[in-house]
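One-letter residues, chain by chain:
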Amino acid sequence: MIGLISATAAGAAARDRLAAAWPERTRVYDGPVGDAVRAAFAECEHLVCFLATGAVVRLVAPLLSDKRADPGVVCVDEGGRFAVSLVGGHGGGANELALEVGELLGARPVVTTATDAVGLPGLDTLGLPVEGAVPAVSRALLDGEPVALVTEMPWPLPPLPVAERGAYTIRVTDRTVEPAEHEVVLRPPSLVVGVGASRNAPVDEVLGLVEGALRGAGLSGRSIAELATVDAKAEEPGIVAAAERLGVPLMTYSAEELATVEVPNPSDAPLAAVGTPSVAEASALIGGGELLVPKRKSAMVTCAVVRRPARGRLAVVGLGPGARDLLTPRAKAELQRAAVLVGLDQYVDQIRDLLRPGTRVLESGLGAEEERARTAVAEARRGQAVALIGSGDAGVYAMASPALAEASDDIDVVGVPGVTAALAAAAILGAPLGHDHVSISLSDLHTPWEVIERRVRAAAEADIVVTFYNPRSRGRDWQLPKALAILAEHRAGTTPVGVVRNASRPDESGRLTTLAALDPATVDMMTVVTVGNTATREIAGRMVTPRGYRWQEAQEGGE
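Since we're looking at a predicted model, the values are computed, not measured. (Residues numbered from 1 in each chain as written. Predicted model: local features only at pLDDT ≥ 70, side-chain atom pairs only at ≥ 80, totals over all residues. Heavy atoms only, no water.)

Participant: Explanation requested: the overall build of the protein chain in the structure shown.
Facilitator: Secondary structure assignment for the protein chain yields 19 helices and 28 strands. Taking the principal axes of its C-alpha atoms as reference, the protein chain extends roughly 85 × 65 × 50 Å. Of all 559 residues assigned to the protein chain, the portion counted as buried reaches 46%. Restricting to contacts in the protein chain with at least 6 residues of sequence separation, those with at least 24 account for 63%. As displayed, the protein chain offers around 26200 Å² of accessible surface, 51% of which is attributable to carbon and sulfur atoms. For the protein chain, the distance from the average position of its 53 positive side-chain charges to the average position of its 69 negative side-chain charges is 2 Å. (Helix = DSSP H or I, 4+ residues; strand = E, 2+ residues; numbered from the N terminus. Buried < 20%, exposed > 50% of the residue type's maximum accessible area, 1.4 Å probe, protein only. Contact = heavy atoms within 4.5 Å. Areas by Shrake-Rupley, 256 points an atom, 1.4 Å probe, with all protein chains shown as cover. Lys, Arg positive; Asp, Glu negative; His and termini not counted. Charge placed at Lys NZ, Arg CZ, Asp CG, Glu CD.)

Participant: Looking at this structure, I do not really get the packing of aromatic side chains. What am I missing?
Facilitator: In this description, an aromatic ring pair is defined by two values, namely the gap between the centres and the angle between the planes. Scanning the entire structure with this criterion turns up two aromatic pairs. Summarising the aromatic geometry, the rings of Y397 and Y469 are spaced 4.7 Å apart at their centres and angled 50 degrees between planes, so their arrangement reads as tilted. Within this pair, whereas Y397 is found in the loop between β19 (385-390) and α15 (400-406), its partner Y469 is found in strand β23 (residues 465-469), the two being separated by 72 residues in sequence. Their ring planes at 70 degrees and their centres at 5.0 Å tell us that W449 and W478 sit as a pair that is edge-to-face. Of the two residues, W449 sits in helix α17 (residues 449-461) while W478 sits in the loop between β23 and α18 (479-488), which places them 29 residues apart along the sequence. Residue classification places W449 among the buried residues on the basis of a relative accessible area of 10%. Above the face of the W22 ring, R25 is positioned so that its terminal group lies 4.4 Å from the ring centre. (Phe/Tyr/Trp six-rings, centres within 6.5 Å; stacked < 30°, edge-to-face > 60°. Lys NZ or Arg CZ within 6 Å of the ring centre and 35° of its normal.)

Participant: Just to check I follow, could you spell out the sheet that holds strand β11 (residues 191-197) for this structure?
Facilitator: Two strands in a sheet stick together by hydrogen bonds in their backbones, pointing the same way (parallel) or opposite ways (antiparallel). Strand order in the open sheet formed by five strands is β13-β12-β11-β15-β14, and the pairing between neighbours is mixed. Pairing within the sheet leaves two strands with one partner each, and these edge strands are β13 (250-253) and β14 (290-297). Direction aside, neighbouring strands of the sheet carry axes that sit 20 degrees apart on average. Taken together, the four bridges between strand β12 (residues 224-230) and β13 define a ladder with parallel strand orientation. The residue bridging L227 from the neighbouring strand is L250, located in β13. Running over the sheet, helix α7 (residues 203-216) touches β11, β12, β14 and β15 (301-307) and is turned about 40 degrees from β15. The strands that helix α8 (residues 237-246) touches are β11, β12 and β13; relative to β12, the one it contacts most, it runs at about 175 degrees. (Pairing = 2+ DSSP bridges. Axes fitted to C-alpha atoms, helices over the stretch in contact; angles between N-to-C directions.)

So this is what it looks like as structure tokens:
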């Protein structure tokens, strides 16, 4: 919950805008400001104070206790110009909240946390339990001192400017190592603990066996990702309570599923009780991995521990048509999350300034799409966080298709949509895509012309607006005239046609012509050609396709 506090009419107006936009997330605190701040500080995860920063500092200072538990505090000035992350930038989430508040109110977010200011991810914001000398190692990263990254297992971390050796270390491990003086230890959620239990087994016995198994194997309980068991034990109080105390989810599987898992220590007892020869080992191993602790038993409980391999992450990111303000916030976030960026060299140049320090860039030239897709998937399979970039929307004549054809279910894949060239061109032309429309690429490098021609003819016969991608190049100069001739068999020569080159880029150009008047020689590979249907009209210099023919008939009937 976000507590909202204000003292003036102007502050109250901005406060109420937030409350109206986030009704489920916010609570307004009225009354004397001091009392309101104290109440909100005790009851909320975040505070947004529409007060002077000095006043907020004095009010919250006596309330601060631990940055890991204190709420994040954002301060918005009287004029609504700035949203300042004041307290709890990382741990309290104030930095992210300042960005959200700034976007909603039109204020400039002010984030002074050192790592955020220079584009480095905070070591305490990576989503992993962290131990050791976080301030010292963070300072070393900021000062450009060599910091070594020791990964005892691959994990999809964001980019970090690390070296092979250094006086400071970031260690990624699920083992119970104590951090050295200048070391940070990150605990990945790599361990799955399978649990079986007799009816009414006490929670202390479940936890005691699990903790003993981990301790004996030198493994950290902070790396437990989940407890797992059979469906029949999904509501067993001791198991459910153990998962709650550990703060991890409880995953359950049917006896039939568990019975198919090969285990080293099957038993007749669970087979008779729940229908599978193994509960603890099988439920831990069902997702694959290395059995680190075979089945252990106490009086009423069994457990086993498996280390699952890290799943790499592949984000397929659409960069939009070229303009920076048409790059979506989600795309920007994925670019900054990726430790490895794969893309066409000219697309990499568009967003190179957005990459965080330490990002490894793998770029190549035109014509290497399949190679880039294979490279991105291979890097993800190594446990990396990877972004594969394409122009427009990565799923439209771009990199998503070859990447997903290459990928299997051993990696996580995230698609990030982008503004397509067809949409950018349509916005320049007016509203040509107001009704049914289709995009067709005229490049026959990978698709036989016979197939392309059949698609063009189908669109022509169906009276659908057509956007042509890749319409013409030096080596392909006859396909566009042929496609236009097919459309002309079904549409009048006066049909509006929009021609847009380099949509959204500094040298953008757009013009309207007609199907009869279009000169294909004026078109190149950087151009998108949109041909209207029989209802498309030029209105006030804009290309408009009505949402329905009734609208057009009504307009014509009134003329």
